[in-house]
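Next come the chains, spelled out residue by residue.
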Amino acid sequence: MTNHHALLPVRVGGHDLPNRLAVAPMTRVSAASDGTPTAEMAEYYARYAEGGFGLVITEGTYTDTVHSQGYLNQPGIVSATHVSAWRDVTGKVQAAGGRIVLQLMHAGALSQGNRYRADTAGPSAVPPRGEMMPEYGGSGRWPTPREMTGADIEAAIGGFVDSAVRAREAGFDGVELHGANGYLLDQFLTDYTNRRADSYGGPVANRIRLTAEVVAAIRAELGTDFCVGVRLSQGKVNDFVHRWHGGAADARIVFAALAQAGVTYLHIASEGRDWIETARLDGGVTITGLARQVSGLPVIANGGMHDLAQAAQVLSDGHADLLSIGRGALANPDLPHRLSRGLPLETYDRRMLEPMATLSNARQRRPGVHRG
Ligand SMILES: Cc1cc2nc3c(=O)[nH]c(=O)nc-3n(C[C@H](O)[C@H](O)[C@H](O)COP(=O)(O)O)c2cc1C
C-alpha cells in the first residue's frame, strides 16, 4: 500500500469520496444514433468504479434538441429513453462504489454532427479556427455559426436546466457544465469568438455571464444540495495554445463569478497539453491554485496526471484538491487500485482512439490485447 496523496479521501458537493482520483470526461461517440446510452457504455463506466476511481465524470452529453449536439452517436439527456438508459449506467457505477457526474455539453459553433439541425449557432458569426475532428467522425472546416438571439440563449439555458433535472432523475450524483475546450460556454468566454455588443459580450465579467446564469438557474431549480461543477480551460480542441488575455486578473473575475453563482467545484482542463504547460499564470500563481484561493471551493486539476510524481506534487503543494485523468485512465481503468498496490501503470496507446474514439475500437487496442 503506497501513501500517495491522491489516495486520501475528500469531500465534494456533499459526497465523501474515497480518494482524489476522477475519470476525466471523454467523448466516445458510442451511443445509439438517437443518443441513447448503451449497455456497452454502462460496462465501460462501471469498470472505472470497479478499478477504484472515486469519481467518474461522463463524456460531454447534449442538452437539447436544437443546437447542442456536437457529434453523431454522442449521448443525450433530452428524453425519457435517455434517462432510463443512463439509470443503468449510474446504477452500475454506484453499485461498484463510485460516484458519477454527468457532463452537460452544448457544442455551439463546434458541432460536427447534429441529428436535429443542419446549421450551427454560437455567440457571434465567427468562423471557428481549425478543422473538425476525425476521431469523432468529422472532416473539413466547421461552418460559420449563426449569431444566437436572446431567445436562443434562453433556450440554451433551459436545455441545461432541464437536463440537470433529468440527470438527477437518472441517478447522477451531480452535473458538470462543459465550459471548456472551445464549446458553447467557452465560446462566450473567449474574446475572439464572442463579438457581442449586449450584456454577454465585451469585458470578461460579461463573457462569463452565460455560464454563471446556467449555474444559478440549475441551483434555483434543484436547490443547494445538488452538485453542479463547472469545467473551464484556456486551450481548446481547435486552438491548443489559446491563453486568457487578461491572465490572472481575468481568472479572478471568472472564478469569483462562478462561486457567486453557486458552483460546487471547479475543474480546469488542459486540452492537448499537460497541466504543467498550461497552469502557470502571471504573478507566479497556477490557474488551479488561484481557482482554489478565489473560490474557496474544491478544484480538480487535469493534464498528464498519470505522471504520478507530478500528481503528488500538485496536491501536496496546494494547487488542487482532486485530479482528473483521461488518457491514463483509458490505459488503466484500475489506476487507483494499481497506485494503492504499488503496481506499474500501462502506457497509453493512442491507437485506442484511432481511427475513431469509439469503445469498440478501444477494445481491440487494450494494453495486453494489442501491442507493437
Ligand atoms: C478521447 C477523448 C475524449 C475527450 N472528450 C472530452 C469531453 O467530452 N469533455 C471534456 O471536457 N473533455 C474531453 N476530453 C479531454 C479530457 O477530459 C482531458 O482534459 C485531456 O485528455 C487531458 O487529460 P489527460 O492528460 O489525463 O488525458 C477528451 C479527451 C480524450 C482523449
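Please refer to the structure higher up on the page.
Heads up: these notes are all about the structure in this document.

Calculation criteria
Residues numbered from 1 in each chain as written. Predicted model: local features only at pLDDT ≥ 70, side-chain atom pairs only at ≥ 80, totals over all residues. Heavy atoms only, no water. Phe/Tyr/Trp six-rings, centres within 6.5 Å; stacked < 30°, edge-to-face > 60°. Helix = DSSP H or I, 4+ residues; strand = E, 2+ residues; numbered from the N terminus. Buried < 20%, exposed > 50% of the residue type's maximum accessible area, 1.4 Å probe, protein only. 1 Å grid on protein atoms, 1.4 Å probe; cavity = no way out; pocket = protein on both sides within 12 Å on 5 of 7 lines; lining within 4 Å. Points joined across faces, edges and corners; volume = space filled by probe spheres on them. Contact = heavy atoms within 4.5 Å. Near = heavy atom within 4 Å. Polar contact = N/O pair within 3.5 Å; in protein donor to acceptor, adjacent residues only side chain to side chain. Areas by Shrake-Rupley, 256 points an atom, 1.4 Å probe, with all protein chains shown as cover. Sits in = over half its atoms within 2 Å of the grid points. Nonpolar A, V, L, I, M, F, W, Y, C, P; charged D, E, K, R; others polar.

Focus: the packing of aromatic side chains
Aromatic ring pairs: the centre-centre distance and the angle between the two ring planes describe each pair.
Here comes step 1: Considering all chains together, one arrives at 8 aromatic pairs under this definition.
Here comes step 2: Residues Y44 and Y48 carry aromatic rings whose centres are separated by 5.1 Å and whose planes lie at 80° to one another, so their mutual orientation is edge-to-face. With Y44 and Y48 both in helix α1 (residues 39-50) and 4 residues apart, the pair spans about one turn of that helix.
Here comes step 3: With a relative accessible area of 1%, Y48 lands in the buried category.
Here comes step 4: Taking the centre distance of 6.1 Å and the plane angle of 80° together, the rings of F188 and Y200 count as edge-to-face. Here F188 is found in helix α4 (residues 184-189), whereas its partner Y200 is found in the loop between α4 and α5 (204-207), with 12 residues between them in sequence.
Here comes step 5: On the basis of relative accessibility, which here comes to 11%, the residue Y200 falls in the buried class.

Concerning empty space enclosed by the protein
Any empty space left between the atoms is revealed when a probe the size of a water molecule rolls over them.
Here comes step 1: Taken as a whole and judged by the stated rule, the model has 4 cavities of 30 Å³ or more.
Here comes step 2: Of the voids in this model, the largest cavity is the one considered here, and its volume is about 120 Å³.
Here comes step 3: Taken together, 17 residues make up the lining of the largest cavity; nearest its centre are A109, P128, G182, Q187 and T193.

Let's talk about the environment of E147
Here comes step 1: If you trace the backbone, E147 turns up in strand β7 (residues 146-147).
Here comes step 2: Its relative accessible area of 43% is what places E147 among the partly exposed residues.
Here comes step 3: Here the alpha-carbon distance between E147 and G122, two residues 25 residues apart in the chain, equals 5.5 Å.
Here comes step 4: Ignoring sequence-local partners within four residues, the contact set of E147 consists of G122, P123, S124, A125, D152 and R196.

Considerations on the site of the ligand
Here comes step 1: Around the ligand sit 19 residues in total, of which P25, T27, R231, N302 and R327 are the nearest.
Here comes step 2: A distance of 2.7 Å separates an oxygen atom of the ligand from a polar atom in the backbone of P25.
Here comes step 3: In the model, an oxygen atom of the ligand is placed 2.7 Å from a nitrogen or oxygen of the R231 side chain.
Here comes step 4: With the chains in place, 94% of the 610 Å² that the ligand exposes on its own is no longer accessible.
Here comes step 5: Because more than half of its atoms lie within 2 Å of the grid, the ligand is assigned to the largest pocket.
Here comes step 6: Here the residues of the shell around the ligand are counted per class, giving 6 nonpolar, 10 polar and 3 charged.

So far we have only geometry, and geometry alone does not tell us how the molecule works.
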